[in-house]
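Report on the structure
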Amino acid sequence: MGSNKRPENMARITTPALAESFITEQLAALREQIGDKKVLLALSGGVDSSVVAALLIKAVGKQLTCVHVNHGLLRKGEPEQVIEVFQGRMDANLVYVDAVDRFLGKLAGIADPEQKRRVIGAEFIRVFEEEARKLDGIEFLAQGTIYPDILESGPVKAHHNVGGLPDDLMFELVEPVKLLFKDEVRVVGRALCLPDSMVDRQPFPGPGLGVRCLGAITRERLEALRESDAILREEFEKNGLEGKVWQYFTVIPDFKSTGVRDGKRSFDWPVIIRAVNTRDAMTATVEDIPFALLQHITARITAEVPGVNRVLYDLTPKPTGTIEWE
Ligand code: XMP
């Protein structure tokens, strides 16, 4: 519905007042489009789908059903936050799907990064399709498409589309933020009272931790990755780096190295820290993290994360490295 071209005179949404008038307009447009029908949304907990969910909850309340698929590759605390914010605070219809075993089962033994992406993408569609079939009378599918997805100018193309659903599930699309840039979506999210940690969330790839747990994913390494990532995020937040660094995360390779712990020889995983700045993700520079902070994070990760005995800092800009390791 509606044009896919941003009008030349459309003001950039930079202030709470502009966000309020966008929200008022969109609520009317959504009510007009949806009427008394039902709408479905795949809610990842990322900024875009969260803003779409909050708009739809305001516009049509319980006519919206949100489906949150936990594929086991989310960061620590993310599924809990989605449930707390949307079910707890906003009283949304939320279907939480624990698909962790299913995804990890499909991914077992698959080491090729592109094949991992394909398996995760295909399984996501299958899980979403199964949930959609359980619901009666859905006529609309909401998506967090934003303007860069339409322009396809970035390296991450149309990642919001739940493409690949069978023909009989081709609902009419509802895309209320499709003409907005990311910074505008964040301003709207703030005006909708979404938590800062959700609105300011750094980019997170669809395949999630799956492409940061290098090679064939194992539960042990995936948990070490999730815990080390949580420590890194906590320390960056505490030290004022959260809003300064564009993307930061840990990576766990699929080899071990020797170490010593409590006077005994160990043979455990290393963890790699990556922290980069970029404008458009096409090129990136490495953030100059204070050495003392890197040492502190290293001490915490090696003390608190089972199975990890070493921490490395990736000093490689893009090019020659990509931002992700897979
Ligand atoms: P690279 O690693 O190509 O990443 O330098 C550029 C940006 O794209 C994100 N990225 C992805 N996002 N699905 C996504 O939705 C993916 O498969 C994917 N791979 C990379 C990456 O996190 C970075 O922000």
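Residues numbered from 1 in each chain as written. Predicted model: local features only at pLDDT ≥ 70, side-chain atom pairs only at ≥ 80, totals over all residues. Heavy atoms only, no water.

1. Concerning unusual backbone geometry
Omega for the peptide link from K318 to P319 comes to -15°, which places this bond in the cis form. Locating P319 in the fold gives a position in the segment after β10 (308-313). Positive phi values are uncommon outside glycine, yet D91 reaches one of about 55°. By the element assignment, D91 lies in the loop between α3 (78-89) and β3 (93-98). (Helix = DSSP H or I, 4+ residues; strand = E, 2+ residues; numbered from the N terminus.)

2. Examining the nonpolar core
Nonpolar side chains in soluble globular proteins tend to end up buried together. With 49 residues, the main nonpolar core has L40, L73, F128, L222, F236 and I301 as its most contacted residues. Each of two domains, domain 1 (16-199) and domain 2 (212-313), supplies a minimum of three residues to this core. F128 has contacts with L40, L41, A42, V67, L141, V162 and L165, leaving out every residue within four places of it along the chain. Within the second largest apolar cluster, 42 residues are counted, among which are F22, L94, I146 and A191. (Core = buried A, V, L, I, M, F, W, Y, C linked by side-chain atoms within 4.5 Å. Buried < 20%, exposed > 50% of the residue type's maximum accessible area, 1.4 Å probe, protein only. Domains from an automatic or database assignment. Contact = heavy atoms within 4.5 Å.)

3. Some thoughts on helix α7 (residues 182-191)
Counted residue by residue, α7 has seven buried out of ten residues, so it is predominantly covered. Taken together, the buried positions of α7 are E184, V185, R186, V187, V188, G189 and A191. In the core, the buried residues of α7 are packed alongside α1 (16-34), α2 (47-60) and α8 (196-199). Downstream of α7 by one or two residues, C193 has phi in the positive range, about 65°.

4. Looking at the domain arrangement of the chain
Interface size, as often reported, equals the accessible area lost upon joining of the parts. Domain boundaries assigned for the chain yield domain 1 (16-199) and domain 2 (212-313). When each unit is reduced to the centre of its C-alpha atoms, the spacing between domain 1 and domain 2 is 29 Å. Between domain 1 and domain 2, the residue contacts involve 14 residues of the former and 15 residues of the latter. Note on domain 1 versus domain 2: buried area summed over both sides is about 1,200 Å², and carbon and sulfur give 57% of it. Run the count over domain 1 and domain 2 and you get two salt bridges. Residues R219 and D101 are paired through a salt bridge, measuring 2.9 Å at the closest nitrogen-oxygen approach. Across the domain 1-domain 2 interface, the total number found is seven residue pairs in polar contact (both at pLDDT 80 or more). Among the elements that line the side of domain 1 that touches domain 2, the one with the most residues is helix α4 (residues 100-107), at four residues. Residue classes in the side of domain 1 that touches domain 2 are distributed as eight nonpolar, two polar and four charged. (Buried area = accessible area lost by both parts, 1.4 Å probe. Salt bridge = Lys/Arg side-chain N within 4 Å of Asp/Glu carboxyl O. Polar contact = N/O pair within 3.5 Å; in protein donor to acceptor, adjacent residues only side chain to side chain. Nonpolar A, V, L, I, M, F, W, Y, C, P; charged D, E, K, R; others polar.)

5. Notes on the sheet that holds strand β2 (residues 64-70)
Strand pairing in a sheet relies on backbone hydrogen bonds. The paired strands run either parallel or antiparallel. An order of β3-β2-β1-β4-β5 is seen for the five strands of this open sheet, with the pairing classed as parallel. Only two strands of the sheet have a single partner each, and these edge strands are β3 and β5 (172-174). Averaged over all pairs of adjacent strands, the angle between their axes in this sheet comes to 30°, without regard to strand direction. Where strand β1 (residues 38-42) lies against β2, four bridges are found, and the strand directions are parallel. Of the residues in β2, the one forming a bridge with L41 is C66. Against the sheet, α1 engages β1, β4 (138-142) and β5, with an angle of about 165° to β5. Strands β1, β2, β4 and β5 of the sheet are contacted by α2, whose axis makes an angle of about 160° with β1. (Pairing = 2+ DSSP bridges. Axes fitted to C-alpha atoms, helices over the stretch in contact; angles between N-to-C directions.)

6. Side note on the pattern of salt bridges
A full pass over the atoms with the stated rule returns 29 salt bridges. Note that R300 is salt-bridged to E304, the shortest N-O span being 2.7 Å. Here R300 pairs with E304, and both are found in helix α10 (residues 291-304), just four residues apart, close to one helical turn. For R300, a relative accessible area of 15% gives the class buried. What emerges from the salt-bridge pattern is a single network uniting E234, E235, K238, R300 and E304.

7. Here's the deal with the site of the ligand
Taken together, 13 residues are adjacent to the ligand, and R117, Q247, K318, I323 and E324 come closest. Within the backbone of G206, one N or O atom sits 3.1 Å away from an oxygen atom of the ligand. A distance of 2.6 Å separates an oxygen atom of the ligand from a polar side-chain atom of K318. Considering the ligand on its own, with 500 Å² of exposed area, one finds that the protein chains cover 83% of that surface. Along the lines of polarity and charge, the residues of the shell around the ligand split into six nonpolar, four polar and three charged. Counting contributing residues, the shell around the ligand receives three or more from each of domain 1 (16-199) and domain 2 (212-313). (Near = heavy atom within 4 Å. Areas by Shrake-Rupley, 256 points an atom, 1.4 Å probe, with all protein chains shown as cover.)

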